[in-house]
Amino acid sequence: MDEAIIYDCLLIGMYLLAALTVAILLFRTAAYGRHSEPGWGPTLPNRLGWILMESPASITVALVSTMEKPNIGALVLLLMWEIHYIHRAFIFPFWMSKGTPMPISIAAMAFCFNLYNGYLNGRGLTRFGPNHDASWFSDPRFLVGVTMFFTGMAVNLHADRILAKLRPPGDKGYYIPQGGLFRWLSCPNYFGEMVEWFGWAIATWSLPGLAFAIYTVANLAPRALAHHRWYQRKFDNYPKERRAFIPYLI
Ligand code: NDP
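Quantities reported herein were computed from a predicted structural model and do not represent experimental measurements.

**With respect to empty space enclosed by the protein**
So, point 1. As enumerated under the stated definition, the model contains 2 cavities of 30 Å³ or more in all.
So, point 2. As for the largest cavity, its lining consists of Leu-77, Asn-121, Gly-124, Leu-125, Pro-130, His-132, Trp-200, Thr-204 and Ser-206.
So, point 3. Contributions of two or more residues to the lining of the largest cavity are made by α4 (104-128) and α6 (188-204).
So, point 4. Among the elements that take part in the lining of the largest cavity, α4 stands out by supplying 3 residues, more than any other.
So, point 5. Within the lining of the largest cavity, the residues separate by chemical class into 4 nonpolar, 5 polar and no charged.
So, point 6. In this structure, the second largest cavity encloses a volume near 30 Å³.

Here it is as structure tokens:
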């Protein structure tokens, strides 16, 4: 079958997967980290889980986007993607404390998702998406998208760094995070991640970019709500003005 037809089917599938994901996760929180529970099968160390499940995103996009000769616009967008995913797969896991082991089933689902999404966004950059040459760098969509991408990334990294410093070595407890956007939000890392991928969608001006941004909200918004309720239950003195992941709103 023609790759273009397969690509279009997979792209539509990503939008459907986002709808299915939010429907499931609003009722059942993915069982890793503080929401771990028995019944999800064998586990592996959380750091190893993060490396294994996130590494396909950087590798797949690099491989499939360079099946065609990338032009300068695609190269810059590829670089943005790699900055995010090299950090996520190979640096972030060493920020986190050893924490709770991760079910292999969850790592396997994320591994498959990253292969799928990596193929869609990688092929979208150089084969099936808009063809961006150097003139794209002065286009308002690129400038707004890049600004959102790196602002979101800064928010995400800053929040993840605050979380990483909460535990003394060897500790597995939970504390009330303070500082940065934690003043207003329980999950500024998720908020930053969402802004980042909407920035990517705008900077690439592509349907796979938009599909991934929507999927990120479908995945992280229910988890942010679950984290927020969990904090409120666990800490009597949890700041009342904090929202889950959108300042002043949700
Ligand atoms: P969490 O905020 O749940 O946890 C991040 C790390 O901080 C974990 O090591 C966690 O430990 C620790 N931690 C969190 N809160 C506390 C606390 N109150 N006290 C002490 N330690 C704490 O994030 P996730 O693990 O869900 O996600 C990690 C990163 O991956 C985030 O940047 C997120 O945006 C990104 N991500 C992106 C997705 C996407 O769809 N694009 C999907 C999932 C994640 P423990 O694990 O033991 O709870």
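That was the structure; now back to the text.
**Focus on the site of the ligand**
So, point 1. What surrounds the ligand is a group of 26 residues, the closest being Arg-34, Asp-160, Tyr-174, Tyr-175 and Tyr-190.
So, point 2. Within the side chain of Tyr-174, an N or O atom sits 2.5 Å from an oxygen atom of the ligand.
So, point 3. Protein burial of the ligand: of its 890 Å² of free accessible surface, 94% is covered by the chains.
So, point 4. Every element with two or more residues in the shell around the ligand is listed here: α3 (72-95), α5 (140-164), α6 and α7 (207-234).
So, point 5. Taken together, the residues of the shell around the ligand break down into 11 nonpolar, 9 polar and 6 charged.

**Things to note about helix α2 (residues 46-65)**
So, point 1. Between its first and last C-alpha, α2 extends 30 Å over 20 residues, near the 28 Å set by a 1.5 Å rise per residue.
So, point 2. If you look at α2, its biggest bend is around 30°, right at Glu-54, and the proline Pro-56 turns up within four residues after that.

**Considering the nonpolar core**
So, point 1. Counting 30 residues, the largest nonpolar core has Leu-77, Met-80, Trp-81, Trp-197 and Trp-200 as its most contacted members.
So, point 2. Here Leu-77 is in contact with Leu-125, His-132, Phe-142, Trp-200, Ala-203 and Thr-204, once residues within four sequence places are set aside.
So, point 3. Counting 22 residues, the second-largest nonpolar core is a separate cluster that includes Tyr-32, Met-53, Tyr-190 and Ala-221.

**Things to note about the packing of α6 against α7**
So, point 1. Running from N to C, α6 and α7 cross one another at 170°; their axes reach a closest spacing of 9 Å. As the angle between them shows, α6 and α7 are arranged roughly antiparallel. Together, Tyr-190, Glu-193, Met-194, Trp-197, Phe-198, Trp-200, Ala-201 and Thr-204 of α6 and Gly-209, Leu-210, Phe-212, Ala-213, Ile-214, Thr-216, Val-217, Leu-220, Ala-221, Arg-223, Ala-224 and His-227 of α7 make up the contact between the two elements.
So, point 2. Here the contact of α6 with α7 is built from residues that sort into 14 nonpolar, 4 polar and 2 charged.

**Quick notes on unusual backbone geometry**
Excluding glycine, a negative phi dihedral is what most residues carry, and trans is how most peptide bonds are arranged.
So, point 1. One non-glycine residue, Trp-205, lies in positive phi territory at about 50°.
So, point 2. Locating Trp-205 in the fold gives a position in the loop between α6 and α7.
So, point 3. Given the relative accessible area of 47%, Trp-205 is considered partly exposed.

**Examining the packing of aromatic side chains**
So, point 1. What the rule picks out here adds up to 23 aromatic pairs.
So, point 2. For the ring pair Phe-113 and Phe-212, a centre distance of 6.1 Å and an interplane angle of 40° mean the geometry is tilted. Placement of the pair is Phe-113 in helix α4 and Phe-212 in helix α7, with a sequence separation of 99 residues.
So, point 3. Every member of this aromatic cluster is reached through a ring pair, and the members are Trp-81, Tyr-85, Phe-113, Phe-149, Phe-150, Trp-197, Trp-200, Phe-212 and Tyr-215.
So, point 4. The positively charged end of Arg-161 is found above the aromatic ring belonging to Trp-95, 4.7 Å away from the centroid.
So, point 5. The aromatic ring of Tyr-174 is capped on one face by Arg-167, whose charged end is 4.7 Å from the ring centroid.

**Structural notes on the side chain of Asn-46**
So, point 1. Here Asn-46 lies in helix α2.
So, point 2. In this view, Asn-46 contacts Met-96, Ser-97, Lys-98, Gly-99, Thr-100, Pro-101 and Met-102; residues no more than four positions away in its chain are not counted.

**Quick look at the environment of Ala-164**
So, point 1. Secondary-structure assignment places Ala-164 in helix α5.
So, point 2. For Ala-164, a relative accessible area of 25% translates into the label partly exposed.
So, point 3. Between the alpha carbons of Ala-164 and Lys-69 there is a distance of 40 Å; along the sequence they are 95 residues apart.

So, how was this worked out
Residues numbered from 1 in each chain as written. Predicted model: local features only at pLDDT ≥ 70, side-chain atom pairs only at ≥ 80, totals over all residues. Heavy atoms only, no water. 1 Å grid on protein atoms, 1.4 Å probe; cavity = no way out; pocket = protein on both sides within 12 Å on 5 of 7 lines; lining within 4 Å. Points joined across faces, edges and corners; volume = space filled by probe spheres on them. Helix = DSSP H or I, 4+ residues; strand = E, 2+ residues; numbered from the N terminus. Nonpolar A, V, L, I, M, F, W, Y, C, P; charged D, E, K, R; others polar. Near = heavy atom within 4 Å. Polar contact = N/O pair within 3.5 Å; in protein donor to acceptor, adjacent residues only side chain to side chain. Areas by Shrake-Rupley, 256 points an atom, 1.4 Å probe, with all protein chains shown as cover. Expected span 1.5 Å × (residues − 1). Bend = angle between axes of the 7 residues up to and from the residue. Core = buried A, V, L, I, M, F, W, Y, C linked by side-chain atoms within 4.5 Å. Buried < 20%, exposed > 50% of the residue type's maximum accessible area, 1.4 Å probe, protein only. Contact = heavy atoms within 4.5 Å. Axes fitted to C-alpha atoms, helices over the stretch in contact; angles between N-to-C directions. Parallel < 35°, antiparallel > 145°, perpendicular 65-115°, else oblique. Phe/Tyr/Trp six-rings, centres within 6.5 Å; stacked < 30°, edge-to-face > 60°. Lys NZ or Arg CZ within 6 Å of the ring centre and 35° of its normal.

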